[in-house]
Amino acid sequence: MEEIDERGKRGTNWLSFNGEIYNFRKVREKLIKEGWRFRTESDSEVILKAYRAWGPEAVHELDGMFAFALWDEHAQRLFLCRDRMGIKPLYLYQPKQGGLFFASEIRALLALGTPWVERKIDKGALQAYFAQGSVWGNQTLVSGIRALEAGSYTFADRTGKLQPARKYWALRQHAELPPPPTRSECVHKIRQLLQQAMEDHLVSDVPVGLFLSGGIDSSALAILASRAKTGLDAITLGFKQKDYDETHFASRLGKSLGLRHQIIRRSEAELIEDFPRFLSALDQPSIDGFNTYLVSKAAREAGLKVVLSGLGADELFGGYPSFWQVPLALRIRNATQLWRSGSRAFALLARQLPTVHADKLGAVFYRPNHLVDIQILRRELFLRERHPNLPSSESGVCRYSGIEAALVAKMKKDVEGLAPETQISLLELQSYLRYVLLRDSDNFSMAHSLELRVPFLSTQLMEFLISVPGKWKRYSRYPKPLLVDAVDGLPREVYARKKQGFSLPWASWMNGPLKKLFTSLLDMQDLWKTLGIESGFPKSVWQQFQVNPVRIHASRVLALCVLASFAKEHNLSGTD
């Protein structure tokens, strides 16, 4: 967008903007009171005027999901900024020839082609991918392309030289603010913040719909949305296989709320047919994005353009097993250290258990004795100590987890001195949510021209919930008790039943209709050598999976196949 000032002069500043500013009307009113005049009703013009009025400090006034680049004609500099949680991506690339390129997708930067972009794998990012099934931190799998950190901004001059990024917001700063004195007051405050967040997220030029899965989070959003607006659309992705179908729960709630509810059913054959399309749509490799691809496709086919998602609720309200599993693992580890050689004995014993988690249980006893290390271990994919054929760790990479050592150190500093539940909440928000769920959601919703909004990540709601005592978030009679109590009218059949989630039968697919595709990807020996991976390693993982699918989870095979497909699609190779 080009800015035109009050005198009609063109070209003062220019804006390239991706996202939504939910409070733009409030900011607009504030600017009008200060004497600024507007020509449009858009949030883009609000960003331009806010920057002219307050400079980079304007970002503190903006609440929403956004990534933008604003050219300041007067100062001859580019202002680059990203939203607080990193909901919207912003990738930067500085070629050897000079200059600066930026985009919301890595593929857009790769499209520059040679000689601008060298299609080389970032070895550190590759370590992170093997560790977690996605790339953590601000690096990407493509060497030289990095993401601007969430909650940060930076400047670039005319030559493309970047200043160090400046952090303008951190959730950690709100973690030790005093909460309400009683639980009932806390629930009342959450109820107010939830309703306000919903009203803000329903502001749109086009109708806003809902993902309605039948679980606590989406059901809570449906209730809140129906109180703020009538005649809302909702979609539920249903499956003909009853083992992972939740449509009956969603259908009952949708009917009781008067939603225009569509159930879109998919057969197993249709899901399998979509998998190659999912691989082609990947902007970064991920093992956790196919479900998001499927539900985004269903929403677009139903005619929706904007949808609300329940992302963030598990992280903020204590919905993951990690909230009790990680502290318990630390207590057990500390107890075994009271006996001489206790940790080693327990590690050997744990590894003999007939479960997919056996190796991780064993690793608990010799990983660093810190909550962050155990939290990282919980979601770890390939344990380095059990997979010596993985590429050797790069300098600057944590030798245990494969994650950037600086990022692990930062995570530890961020949670220092906090209660265990608050630590885990911060870690889940700033790792799995940020580097997996939000990235996949933006990737695959935008792949279907769908705008996905996340009301639970409203700034005021996050800042309040991170200060709430962990004891109020603990599972009591039902999961996520603060959320359940704050949303009146949530059916008992929704919150009292066992959490089902959105799982897919990968193991049976790999040995059935997708076997040919998977084995062909695993068998690309030249590609694996090019990436710096021992060519026999992928096949050995496949063989171990065939022998013992309980111990060698299908996600490890999926990770290798997704990586191979991504590298092949974009003609990537290892670094020299």
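Quick note: structure is the one above.
Thresholds, definitions, all that
- Residue positions are counted from 1 within each chain, in the order its sequence is given.
- Where local features are concerned, this predicted model is filtered to residues with pLDDT of at least 70; where side-chain atom pairs are given and counted, the filter is 80 or more; whole-chain, interface and lining totals use all residues.
- Excluding hydrogens and water, the side-chain values take into account all heavy atoms of the structure.
- Patch criteria: residues need more than 30% relative accessible area and no salt bridge. Like-charged residues are merged within 9 Å; nonpolar side chains of Val, Leu, Ile, Met, Phe, Trp and Tyr are merged within 5 Å.
- To measure how exposed things are, a 1.4 Å probe is used in the Shrake-Rupley method; for residues, cover is taken only from the protein chains shown.
- Just to be clear on terms, a salt bridge is a Lys or Arg side-chain nitrogen sitting within 4 Å of an Asp or Glu carboxyl oxygen.
- Every helix listed is a DSSP run of H or I at least four residues long, and every strand listed is a run of E at least two residues long, numbered separately from the N terminus.
- Here an angle of 0 to 180 degrees is reported between the N-to-C directions of two axes, which are lines fitted to C-alpha atoms, with helices fitted over the stretch in contact.
- Note on terminology: angles under 35 degrees are roughly parallel, angles over 145 are roughly antiparallel, angles of 65 to 115 are roughly perpendicular, and the others are oblique.
- Take the far helix as the reference: if the near one is turned anticlockwise from it by less than a right angle, the crossing is left-handed, and if turned clockwise, right-handed.
- The contact definition used throughout considers only heavy atoms, calling two residues in contact when any of these lie within 4.5 Å.
- Any residue that is not Ala, Val, Leu, Ile, Met, Phe, Trp, Tyr, Cys, Pro, Asp, Glu, Lys or Arg is counted as polar, Gly included; the first ten are nonpolar and the last four charged.
- DSSP calls a pair of strands paired once it identifies at least 2 bridges connecting them.
- Lining residues are those with an atom within 4 Å of a point, where the points come from a 1 Å grid over the protein atoms alone and group into cavities, where a 1.4 Å probe fits but cannot get out, or pockets, open sets with protein on both sides within 12 Å along at least five of seven lines.
- Grid points are joined across faces, edges and corners, and a volume is the space filled by probe spheres set on the points.
- Aromatic pairs are defined between Phe, Tyr and Trp rings, using the six-membered ring for Trp, whenever the two ring centres lie within 6.5 Å; interplanar angles under 30 degrees are classed as stacked, those over 60 as edge-to-face, and all others as tilted.
- Three exposure classes are used, based on accessible area relative to the maximum for each residue type with a 1.4 Å probe and protein chains only: buried under 20%, partly exposed in between, and exposed over 50%.
- Any Lys NZ or Arg CZ that is within 6 Å of a ring centre and within 35 degrees of that ring's normal is treated as a charge sitting over the ring.
- What qualifies as a polar contact is a pair of N or O atoms within 3.5 Å, subject to a donor-acceptor requirement within protein and to the restriction that residues adjacent in sequence count only when both atoms come from side chains.

## Some thoughts on a nonpolar patch on the surface
There is a patch of nonpolar side chains on the surface, built from Trp324, Leu328 and Ile332 and spanning about 290 Å² of accessible area. Looking at the element boundaries, Leu328 is found in helix H11 (residues 322–336).

## A short note on the pattern of salt bridges
One pass over the full model with this rule turns up 27 salt bridges. Between Lys167 and Glu149 there is a salt bridge, with the nearest N and O atoms lying 3.3 Å from each other. You can see Lys167 sitting in strand E9 (residues 166–167) and its partner Glu149 sitting in the loop between strand E7 (145–147) and strand E8 (152–157), a full 18 residues away along the chain. Where salt bridges share partners, they join Glu273, Asp274, Arg277 and Lys297 into one cluster.

## Points about the packing of helix H23 (residues 536–547) against helix H24 (residues 554–569)
The N-to-C vectors of H23 and H24 enclose an angle of 155 degrees; their axes lie 9 Å apart at closest approach. Classed by the angle they form, the pair H23 and H24 counts as roughly antiparallel. Relative to H24, H23 is oriented so that their crossing is left-handed. In contact with Phe537, Pro538, Val541, Trp542 and Phe545 of H23, H24 contributes Ala554, Arg556, Val557 and Leu560. Of the residues that constitute the contact of H23 with H24, the class distribution is eight nonpolar, no polar and one charged.

## Remarks on the sheet that holds strand E14 (residues 451–453)
Overall, parallel pairing links the five strands, which are arranged E12-E11-E10-E13-E14 in an open sheet. The two strands at the open ends of the sheet, each matched to only one other strand, are strand E12 (260–266) and E14. Recorded for the sheet is a direction-independent mean angle of 30 degrees between the axes of neighbouring strands. With three bridges connecting them, strand E10 (residues 208–211) and strand E13 (residues 306–308) associate as parallel partners. Residue pairing in the sheet places Gly209 in a bridge with Val307 of E13.

## Remarks on the layout of surface pockets
There is about 630 Å³ of room inside the second largest pocket. Lining of the second largest pocket is provided by 38 residues; of these, Arg82, Asn138, Ala150, Arg434 and Tyr435 occupy positions nearest its centre. Elements that contribute at least two residues to the lining of the second largest pocket include exactly E7, helix H15 (405–415) and helix H16 (420–446). The element contributing the most residues to the lining of the second largest pocket is H16, with eight residues.

## Here's the deal with the packing of aromatic side chains
For the structure on display, the rule yields 29 aromatic pairs. Taken together, a centroid distance of 4.9 Å and an interplanar angle of 65 degrees make the contact between Tyr478 and Tyr495 edge-to-face. Separated by 17 residues along the polypeptide, Tyr478 in the loop between helix H17 (459–465) and helix H18 (481–486) and Tyr495 in helix H19 (residues 492–495) bring together distant segments of the chain. You can call Tyr495 buried: its relative accessible area is 13%. Connected via pairs of aromatic rings, a cluster forms that spans Phe275, Phe278, Phe290, Tyr293, Phe444, Trp506, Trp509 and Phe518. Across from the ring centre of Trp54, 5.3 Å away, lies the NZ or CZ of Lys30, which sits over that ring. Taking the ring centre of Tyr432 as reference, the NZ or CZ of Arg379 above it sits at 3.7 Å.

## Digging into the pairing of strand E4 (residues 77–82)
Of all six residues that make up E4, five are buried, and the element is covered over most of its length. Inspection of the sheet shows strand E3 (residues 64–72) paired to E4 by six bridges, in the antiparallel sense. Bridged to Asp72 within E4 is Arg77. Bridging between E4 and E8 involves five bridges; their strand directions are antiparallel. Residue pairing across strands places Leu80 opposite Thr154, the latter belonging to E8.

## Overview of the sheet that holds strand E5 (residues 91–93)
The antiparallel open sheet is built from three strands, whose spatial order is E6-E5-E7. Looking at the sheet topology across the chains shown, the edges are occupied by strand E6 (101–103) and E7. Here the average twist between neighbouring strands, direction ignored, is 25 degrees. Pairing between E5 and E6: three bridges, direction antiparallel. Paired with Leu92 across the two strands is Phe102, which belongs to E6.

## As for the environment of Glu61
Within the element layout of this structure, Glu61 appears in the loop between helix H2 (43–54) and E3. Through-space distance from the C-alpha of Glu61 to that of Gly35 is 17 Å; in sequence the pair is 26 residues apart. If sequence neighbours within four positions are ignored, Glu61 has contacts with Asn23, Val27, Lys30 and Trp54. Engagement of the side chain of Glu61 in a polar contact is seen with the side chain of Lys30, the distance being 3.0 Å.

## Brief notes about the environment of Lys480
Position of Lys480 relative to the elements: it lies in the loop between H17 and H18. In this structure the C-alpha to C-alpha distance between Lys480 and Tyr495, which are 15 residues apart in sequence, comes to 8.5 Å. A polar contact is formed between the side chain of Lys480 and the side chain of Asp217, at a distance of 2.7 Å.

## Some points on the packing of helix H1 (residues 24–33) against H2
It is at 10 Å that the axes of H1 and H2 come closest, and there the two elements cross at 45 degrees. Judged by the inter-axis angle, H1 sits oblique to H2. Classified by chirality, the crossing of H2 by H1 is left-handed. Between H1 and H2, the contacting residues are Phe24, Val27, Arg28, Lys30 and Leu31 on the first element and Asp43, Val46, Lys49, Ala50, Ala53 and Trp54 on the second. Of the residues assigned to the contact of H1 with H2, the class counts are seven nonpolar, no polar and four charged.

## Concerning unusual backbone geometry
A cis amide bond links Thr114 to the next residue, Pro115, at an omega of 5 degrees. Relative to the helices and strands, Pro115 resides in the loop between helix H3 (106–110) and helix H4 (123–132). Phi angles above zero are rare outside glycine, and Gln76 is one such case at about 55 degrees. By secondary structure assignment, the location of Gln76 is in the loop between E3 and E4. Taking relative accessible area as the criterion, Gln76 reaches 26% and is therefore assigned partly exposed.

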